[in-house]
Amino acid sequence: MAGRTRTGPVAAGSRREEILAAAADLFARHGYRGVSIYDIGAAVGISGPALYRHFRSKGALLSEMLVSISATLLSEGRRRSEAAEDPPAALAALVDWHIEFALDHLPLITIQFRDLDSLGEPDRDEVRRLQREYVEIWVRLIRELHPEVGEPTARSGAHAVFGLINSTPHSARLARSEMEVLLRTMALAALASVAASVRVAGDASSV
């Protein structure tokens, strides 16, 4: 990937949003603990202490990033799935949304994986609550499409698809349009195979 990857909702507009975008880039490259408030200030052309006019601490920056993206993922995923005409279209809409989200938020996906434990406990719990609600949308739709699939299998399948799509910080080596097609094709095939895995397991247990 060439150049700086911007981070969607925190990438343009106010000075506060500029600080969030710069901090996300730095945290993704160096880790939350490897970046100082002075590094973030230098990235946006102000002194480190001047950042405290916008955020009370470096931890508050991390909290706003991760809680905000989790809330956005859930609210838009819910909206798109509810707007779809039937369960297959709803699941496809979720796949498209998650791909769009992943490609627009490469630094934040890296931060989520690596630095979630650096959040304070209340914010960490909120991120996990939001993410659980998001997973439940996928589980419900998978089971509507494939009633023979149990909840644990549907949940495991959803997390496997997340792993595929969230690999974008490492796998996004194609033009965006090509990457979207590749990820969509692979994700839909993986979801279709969830039901097939139940049939295979059932056949194996009957032998």
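For the structure itself, consult the block above.
Below you will find a few notes about this structure.

Scoring rules and cut-offs
- Residues numbered from 1 in each chain as written.
- Predicted model: local features only at pLDDT ≥ 70, side-chain atom pairs only at ≥ 80, totals over all residues.
- Heavy atoms only, no water.
- Axes fitted to C-alpha atoms, helices over the stretch in contact; angles between N-to-C directions.
- Helix = DSSP H or I, 4+ residues; strand = E, 2+ residues; numbered from the N terminus.
- Left-handed = near helix turned anticlockwise from the far one by under 90°.
- Contact = heavy atoms within 4.5 Å.
- Nonpolar A, V, L, I, M, F, W, Y, C, P; charged D, E, K, R; others polar.
- Buried < 20%, exposed > 50% of the residue type's maximum accessible area, 1.4 Å probe, protein only.
- Polar contact = N/O pair within 3.5 Å; in protein donor to acceptor, adjacent residues only side chain to side chain.
- Core = buried A, V, L, I, M, F, W, Y, C linked by side-chain atoms within 4.5 Å.
- Phe/Tyr/Trp six-rings, centres within 6.5 Å; stacked < 30°, edge-to-face > 60°.
- Lys NZ or Arg CZ within 6 Å of the ring centre and 35° of its normal.

1. Side note on the packing of helix H4 (residues 87–104) against helix H6 (residues 121–145)
In a packed pair of helices, the relevant descriptors are the angle between the two axes and the axis-to-axis distance.
Here is step 1: Across the interface, H4 lies against H6 with an axial gap of 9 Å and an inter-helix angle of 145°. Considering how the two elements wind past one another, H4 and H6 form a crossing that is left-handed. Taking contact as the criterion, the partners of Pro87, Pro88, Ala90, Leu91, Leu94, Val95, Trp97 and His98 in H4 are, on H6, Tyr134, Ile137, Trp138, Leu141, Ile142, Glu144 and Leu145.
Here is step 2: Per-class residue counts for the contact of H4 with H6 are 13 nonpolar, one polar and one charged.

2. Brief notes about the side chain of His105
Here is step 1: On the secondary structure map, His105 appears in the loop between H4 and helix H5 (106–115).
Here is step 2: Given a relative accessible area of 5%, His105 falls into the buried group.
Here is step 3: Polar side-chain contacts of His105 include one of 2.8 Å to the backbone oxygen of Phe101.

3. Things to note about the nonpolar core
If you look at soluble globular proteins, the nonpolar side chains tend to sit buried side by side.
Here is step 1: One finds Phe27, Ile40, Ile111 and Trp138 to be the most contacted residues of the largest nonpolar core, which totals 60 residues.
Here is step 2: Of all the secondary structure elements, the ones that give two or more residues to this core are helix H1 (15–30), helix H2 (37–44), helix H3 (58–83), H4, H5, H6, helix H7 (151–165) and helix H9 (176–206).
Here is step 3: The contact partners of Trp138, leaving out residues within four places of it in the chain, are Leu91, Leu94, Val95, His98, Ala158, Val161, Phe162 and Leu191.

4. Points about the packing of aromatic side chains
We describe a pair of aromatic rings using the distance from one ring centre to the other and the angle between the two ring planes.
Here is step 1: Within this structure, the stated rule accounts for five aromatic pairs.
Here is step 2: On the basis of an interplanar angle of 20° and a centroid distance of 5.7 Å, the ring pair of Tyr134 and Phe162 is categorised as stacked. Of this pair, Tyr134 sits in helix H6 while Phe162 is found in helix H7, placing the two residues 28 residues apart along the sequence. Taken individually, Tyr134 and Phe162 each receive the classification buried, so the pair is uniform in this respect.
Here is step 3: Here the aromatic cluster, defined as three or more aromatic residues joined through ring pairs, consists of Tyr134, Trp138 and Phe162.
Here is step 4: Over the ring of Tyr32 we find Lys58, and its NZ or CZ is 4.2 Å from the ring centre.

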